[in-house]
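Each chain, letter by letter, is given below.
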Amino acid sequence: MNTVILVLGASGQIGTELTQKLRLVYGNDLVIASDIREGNAEMMTSGPFEIIDATDKETILKIIKKYKVTQVYLLAAMLSATAEQHPQKAWNLNMNSLLAVLDLAKDKHIEKVYWPSSIAVFGPTTPKENTPQKTVMEPSTVYGISKVSGEFWCNYYYEKFGVDVRSLRYPGIISWKTKPGGGTTDYAVDIYFKALKDKKFECFLSENTRLPMMYMDDAVNATIQLMQANSEDVKIRNGYNLAAMSFTPKEIASEIKKQIPDFEITYKTDFRQQIADSWPQSIDDSQTRKDWNWQHQFDLTSMTKDILENLEKNQ
Ligand code: NAD
């Protein structure tokens with residue numbers, strides 16, 4: 001049977017690039033993009049698109065039947081910074097969408113589910129450096145609470161009902177094609193746009209705030225690799241730690257300065273500083289690398305070069 005994929009929340013930062021890569025791998029017509037808003041022109045013209053509210057189980061089921069969908073990638077969510085402003089809405093979206101999709105898998109309408117977790121599952125009491133796979137998870141944000149709860153639900157549906165659900169704890173994801181949607185690591189995307197346009201950037205995190213990050217290409221590849229891994233190799237069913245690099249605003253700024261020497265960064269922290277301070281500085285993903293051979297490709301230097309080249313070309 002063909003793999004047919006439905007992506008919920010496809011028009012966002014990760015969905016935009018993941019959907020296009022999935023279409024390349026599985027075929028344009030076999031990857032159905034969906035969101036509550038339209039995606040970019042490439043997404044809308046390269047394959048099927050449906051407007052779907054990810055919390056609306058009946059509509060999801062209707063679309064699953066219409067296209068004979070076998071796998072759902074659930075990317076719709078409210079991210080860390082926005083969730084602090086709208087806690088109840090964030091909880092409803094992040095939890096109800098996940099439970100709807102897990103139920104559809106439990107009832108055998110689909111075979112496999114992908115749902116991203118986040119380093120936000122960790123909190124101020126978690127060891128900050130080389131944060132292990134299994135450690136204290138006491139998040140202090142609404143977003144983190146929804147992600148840690150989601151992880152427990154995924155594991156429960158796997159253990160209790162045999163649902164094949166897979167998950168990664170993404171670090172901050174850096175991209176240049178689509179702007180991010182309200183997270184605490186968004187500065188590390190914005191900084192490249194402003195560096196090229198204005199040669200200056202005001203950062204909402206302090207200069208030495210170190211956070212785990214990853215280039216979009218690596219995040220997309222990790223996601224597809226995990227979903228293609230043999231079931232017996234996927235030993236963790238709550239969420240796999242995933243890492244590539246860690247840096248501070250000062251370090252990314254000095255990397256940019258190598259290519260744009262008159263670039264200037266200033267700092268004016270806001271409520272997002274507190275969120276960032278509650279998260280790990282680096283992640284130990286050795287089990288992920290061992291279980292299904294995960295390897296990242298981009299570090300801060302190669303990512304910066306790639307982003308600045310692409311932004312210059314596409315401006
Ligand atoms: P995003 O905010 O850019 O995109 C989310 C998409 O969901 C948007 O297009 C939005 O329109 C859509 N959406 C909102 N409500 C919806 C609803 N009710 N039904 C359907 N769609 C709806 O987010 P993203 O950065 O692409 O994140 C995708 C996933 O990855 C989320 O689960 C997020 O928590 C996780 N994640 C992202 C990062 C990151 O740095 N971007 C890091 C860790 C985890």
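Keep in mind that what you see is a predicted model, and the values were worked out from it rather than measured.

## Overview of the site of the ligand
Around the ligand sit 26 residues in total, of which Gln13, Ile14, Asp35, Ala54 and Tyr143 are the nearest. One nitrogen or oxygen atom from the main chain of Gln13 is found 2.8 Å from an oxygen atom belonging to the ligand. Starting from 830 Å² of accessible surface for the ligand in isolation, the protein chains cover 91%. Every element with two or more residues in the shell around the ligand is listed here: α1 (13-26), β6 (117-118), α6 (142-161) and β9 (172-174). Residues that form the shell around the ligand fall into these classes: 14 nonpolar, eight polar and four charged.

## A word on the side chain of Gln13
Relative to the helices and strands, Gln13 resides in helix α1. Polar side-chain contacts of Gln13 include one of 2.9 Å to the backbone oxygen of Ile173. At 3.0 Å, the side chain of Gln13 forms a polar contact with the side chain of Ser175. Beyond its immediate sequence surroundings of up to four residues, Gln13 is in contact with Ile173, Ile174, Ser175, Thr178, Lys179, Pro180, Val189 and Met216.

## A short note on the domain arrangement of the protein
You'll often see interface size given as the accessible area lost when the parts meet. Domain annotation of the protein identifies domain 1 (5-170) and domain 2 (172-213 + 244-313). Domain 1 and domain 2 are separated by 23 Å when their C-alpha centres are compared. Taken together, the contact pairs 27 residues of domain 1 with 28 residues of domain 2. Of all residues in domain 1, the largest losses of buried area upon contact with domain 2 belong to Gln13, Ile119 and Lys128, amounting jointly to 30% of the total for that side. Run the count over domain 1 and domain 2 and you get zero salt bridges. Where domain 1 meets domain 2, there are twelve residue pairs in polar contact (both at pLDDT 80 or more). Those elements giving two or more residues to the side of domain 1 that touches domain 2 turn out to be α1, α4 (80-85) and β8 (168-170). Top element by residues in the side of domain 1 that touches domain 2 is α4. It accounts for five residues. When grouped by side-chain class, the residues that make up the side of domain 1 that touches domain 2 number ten nonpolar, 13 polar and four charged.

The rules behind each value
- Residues numbered from 1 in each chain as written.
- Predicted model: local features only at pLDDT ≥ 70, side-chain atom pairs only at ≥ 80, totals over all residues.
- Heavy atoms only, no water.
- Near = heavy atom within 4 Å.
- Polar contact = N/O pair within 3.5 Å; in protein donor to acceptor, adjacent residues only side chain to side chain.
- Areas by Shrake-Rupley, 256 points an atom, 1.4 Å probe, with all protein chains shown as cover.
- Helix = DSSP H or I, 4+ residues; strand = E, 2+ residues; numbered from the N terminus.
- Nonpolar A, V, L, I, M, F, W, Y, C, P; charged D, E, K, R; others polar.
- Contact = heavy atoms within 4.5 Å.
- Domains from an automatic or database assignment.
- Buried area = accessible area lost by both parts, 1.4 Å probe.
- Salt bridge = Lys/Arg side-chain N within 4 Å of Asp/Glu carboxyl O.

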